[in-house]
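Breakdown of the fold
Residue strings, one per chain:
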Amino acid sequence: MTEQTGAANHVPDQPEMPLIEHLLELRNRLLKMVLAVVVCFAFIYPFANELYLWLSEPIRSLLPVGQSMIATDVTSPFFAPLKLALVLAVFAAIPVILYQLWSFIAPGLYTHEKKIAFPLLFSSVLLFYLGAAFAYYVVFPLVFGFFTSVGPEGIVELPDITSYLNFVLKMFFAFGVAFEIPIATILLVITGITTPDDLAAKRPYVVVGCFVIGMLLTPPDIISQTLLALPMWILFELGILFGRLMKRKVAGTGEEKEPGSE
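Keep in mind it's a predicted model, so treat the numbers as computed, not measured.

Here is what the cut-offs are and how they apply
- Residues numbered from 1 in each chain as written.
- Predicted model: local features only at pLDDT ≥ 70, side-chain atom pairs only at ≥ 80, totals over all residues.
- Heavy atoms only, no water.
- Helix = DSSP H or I, 4+ residues; strand = E, 2+ residues; numbered from the N terminus.
- Buried < 20%, exposed > 50% of the residue type's maximum accessible area, 1.4 Å probe, protein only.
- Contact = heavy atoms within 4.5 Å.
- Areas by Shrake-Rupley, 256 points an atom, 1.4 Å probe, with all protein chains shown as cover.
- Axes fitted to C-alpha atoms, helices over the stretch in contact; angles between N-to-C directions.
- Parallel < 35°, antiparallel > 145°, perpendicular 65-115°, else oblique.
- Nonpolar A, V, L, I, M, F, W, Y, C, P; charged D, E, K, R; others polar.
- Salt bridge = Lys/Arg side-chain N within 4 Å of Asp/Glu carboxyl O.
- Core = buried A, V, L, I, M, F, W, Y, C linked by side-chain atoms within 4.5 Å.
- pLDDT = per-residue confidence, 0-100.

Our next topic: the overall build of the protein chain. Check the secondary structure of the protein chain and you find 12 helices and zero strands. Ordering the α and β elements of the protein chain from the N terminus gives α-α-α-α-α-α-α-α-α-α-α-α. For the protein chain, the residues scored as buried account for 36% of the 262 residues in total. Sequence-distant contacts, at least 24 apart, represent 83% of the contacts inside the protein chain between residues at least 6 apart. When the accessible area of the protein chain is evaluated, it comes to approximately 15600 Å², of which 72% is carbon and sulfur surface.

Below, the structure is given as structure tokens:
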């Protein structure tokens, strides 16, 4: 009876489809992803200028009275808000995009894999948004405060709107990806590539690696580097903790064993 139950847990829910059907299914899912981005963009673009003002508030609030941001390119006043609206549309459509990916790969997953995969997908979206929010509300005020205070006297600070947008989008991406560390750690554990004990033993190297990544992904100042490295380290520790819990849960169900392994 146990072997039959284990075998059921290791059989995909649906039979294999021909290659053409797979390609058609993939095309339909991709079209739905693109449609989701287009719909989000249609709703966001009318507010693109207001959203850019909101995005630039952390640096505009630090500029001296009477000074403002500038556009050094003729097309910047149009393309900077447009680019922001498009990026925000992709961010807003991430749940739909991941759902479509999930719907495409779910039929080929085992039952126990489905139970783990969906929570991980949901958590990855949430962590990415948290990383971007952490960058905007915590990192930006400190970083821009540092930059605006160390300039030489007599230099007028007039940030370019396109350069600023590229900078903050890079920071959003860096912190969003960095906040995915717990998901990556859990995946390494549950797939058997490593163990929580092995990861814990490599903690000194991970700490150094966090600061190296912080140095590469952030501006050359100790504040932003530290503000990226410390959350990465904390999230790594959380990943180890949840990895232990997930491993115990899977071990408790016995689903890690293949049929006939005993």
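For any two helices packed against each other, one specifies the inter-axial angle together with the distance between the axes. With their axes 4 Å apart at the nearest point, helix 5 (residues 76–92) and helix 6 (residues 94–105) run at an angle of 50 degrees to one another. Taken together, helix 5 and helix 6 sit at an angle that is classed as oblique. Between helix 5 and helix 6, the residues in contact are Val-90, Phe-91 and Ala-92 and Ile-94, Pro-95 and Ile-97, respectively. Looking at side-chain class alone, the contact of helix 5 with helix 6 contains six nonpolar, no polar and no charged residues.

It is worth spelling out the packing of helix 2 (residues 19–44) against helix 6 at this point. Interhelical geometry of helix 2 versus helix 6 gives an angle of 170 degrees and a closest axis separation of 9 Å. The angle between helix 2 and helix 6 places the two elements in the roughly antiparallel class. Taken together, the residues of helix 6 that come into contact with helix 2 (itself represented by His-22, Glu-25, Leu-26, Arg-29, Lys-32, Met-33, Ala-36 and Val-37) are Val-96, Ile-97, Gln-100, Leu-101, Ser-103 and Phe-104. Across the contact of helix 2 with helix 6, the residue classes tally to eight nonpolar, three polar and three charged.

The next subject is the pattern of salt bridges. By the definition in use, this model includes three salt bridges. The closest approach of N and O atoms between Glu-25 and Arg-29, which form a salt bridge, is 2.8 Å. Taken together, the positions of Glu-25 and Arg-29, both in helix 2 and four residues apart, correspond to about one turn of that helix. Classification of Arg-29 by relative accessible area gives buried; the value is 15%.

A few words now on the nonpolar core. Of all hydrophobic cores here, the largest spans 46 residues; its most connected members are Tyr-52, Leu-55, Phe-140, Tyr-164, Leu-165 and Phe-172. Elements represented by at least two residues in this core include exactly helix 3 (48–55), helix 5, helix 7 (111–149), helix 8 (161–178), helix 9 (181–190), helix 10 (196–201) and helix 12 (222–253). For this core, the element with the highest residue contribution is helix 7, accounting for 12 residues. Setting aside chain neighbours within four positions, we find Phe-140 in contact with Pro-58, Ala-135, Gly-145, Val-168, Met-171 and Phe-172. By size, the runner-up hydrophobic cluster in this structure holds 10 residues, among which are Met-33, Ala-36, Ile-44 and Ala-48.

The next subject is the confidence of the model for the protein chain. Model confidence for the protein chain is summarised by a mean pLDDT of 80, while 83% of its residues fall at 70 or above. Considering each helix and strand of the protein chain separately, the mean pLDDT is smallest for helix 1 (residues 2–9), with a value of 47, and largest for helix 3, with 94. Of the regions scoring below 50 in pLDDT, residues 1–9 engages in seven contacts with residues more than four places distant in sequence or in other chains. Every residue in residues 255–262 scores below 50 in pLDDT, and together they form 13 contacts with partners more than four places removed in sequence or on other chains.

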